[in-house]
Amino acid sequence: MNEIRILQSISHPNIVRMEGYFEDSRNIHLILELSTDGSLYTRIKAGGIDNSAVVVPKILWDVCQAVNYLHTLNPPIVHRDIKPENLLFFGEKIKLADFGSCNFVTDIIKDTVCGTPEYLAPEMILRKGHNEKLDIWCIGILAYELYFGYTPFS
């Protein structure tokens, strides 16, 4: 329900839009904007991303636009799971998806550990508390992966 609450409160051209949701006796189902162009992860695994001076900066720009929007809200929202699997192509535009780990900074339990191991920031691993700066670490790991083809701490 937290993911629904957050998705209902945000709107940005680089964030996947929630069209609605419904519940049955066992699950909550989100109806999200459809990407027929696949994820960044799928493109990386299919042969890589052209790490030219045009493609990677455009991908990172789109991600940074989405994250900047989330971080400038009041209260800020931290995504906590920025990775290629959660970045979807809409033509040449990238949109951030999967808000299942996100939260308002004011609602974060300080020693929570969530996300993907290769992308975890030191403060989360050490349970020292975290805030929206955690997403900046993830963007750095993503940039490294886009340029070199693997994550730095794999």
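Further up the page is the structure itself.
Below: a short report on this structure.

Thresholds applied
Residues numbered from 1 in each chain as written. Predicted model: local features only at pLDDT ≥ 70, side-chain atom pairs only at ≥ 80, totals over all residues. Heavy atoms only, no water. Axes fitted to C-alpha atoms, helices over the stretch in contact; angles between N-to-C directions. Helix = DSSP H or I, 4+ residues; strand = E, 2+ residues; numbered from the N terminus. Parallel < 35°, antiparallel > 145°, perpendicular 65-115°, else oblique. Contact = heavy atoms within 4.5 Å. Nonpolar A, V, L, I, M, F, W, Y, C, P; charged D, E, K, R; others polar. Phe/Tyr/Trp six-rings, centres within 6.5 Å; stacked < 30°, edge-to-face > 60°. Buried < 20%, exposed > 50% of the residue type's maximum accessible area, 1.4 Å probe, protein only. Lys NZ or Arg CZ within 6 Å of the ring centre and 35° of its normal.

At a closest axis distance of 11 Å, the pairing of helix α3 (residues 55-71) and helix α5 (residues 133-148) adopts a crossing angle of 170°. As the angle between them shows, α3 and α5 are arranged roughly antiparallel. Contacts between α3 and α5 involve Val 56, Pro 57, Ile 59, Leu 60, Val 63, Cys 64, Val 67 and His 71 on the former and, on the latter, Asp 135, Ile 136, Ile 139, Leu 142, Ala 143, Leu 146 and Tyr 147. Looking at side-chain class alone, the contact of α3 with α5 contains 13 nonpolar, 1 polar and 1 charged residues.

Now for the packing of aromatic side chains. The final tally for this structure, using the stated rule, is 3 aromatic pairs. Taking 4.5 Å as the distance between ring centres and 40° as the angle between the ring planes, the aromatic pair formed by Tyr 144 and Phe 148 counts as tilted. Linking Tyr 144 with Phe 148, this pair stays in helix α5, spanning 4 residues, or about one helical turn. Between Tyr 144 and Tyr 150 the ring centres are 5.9 Å apart and the planes differ by 75°, which places this aromatic pair in the edge-to-face class. Given the relative accessible area of 29%, Tyr 144 is considered partly exposed. Among the aromatic side chains, those forming a connected cluster through ring pairs are Tyr 144, Phe 148 and Tyr 150. Here Arg 43 stacks its cationic end above the ring of Phe 89, 3.6 Å away from the centre of that ring.

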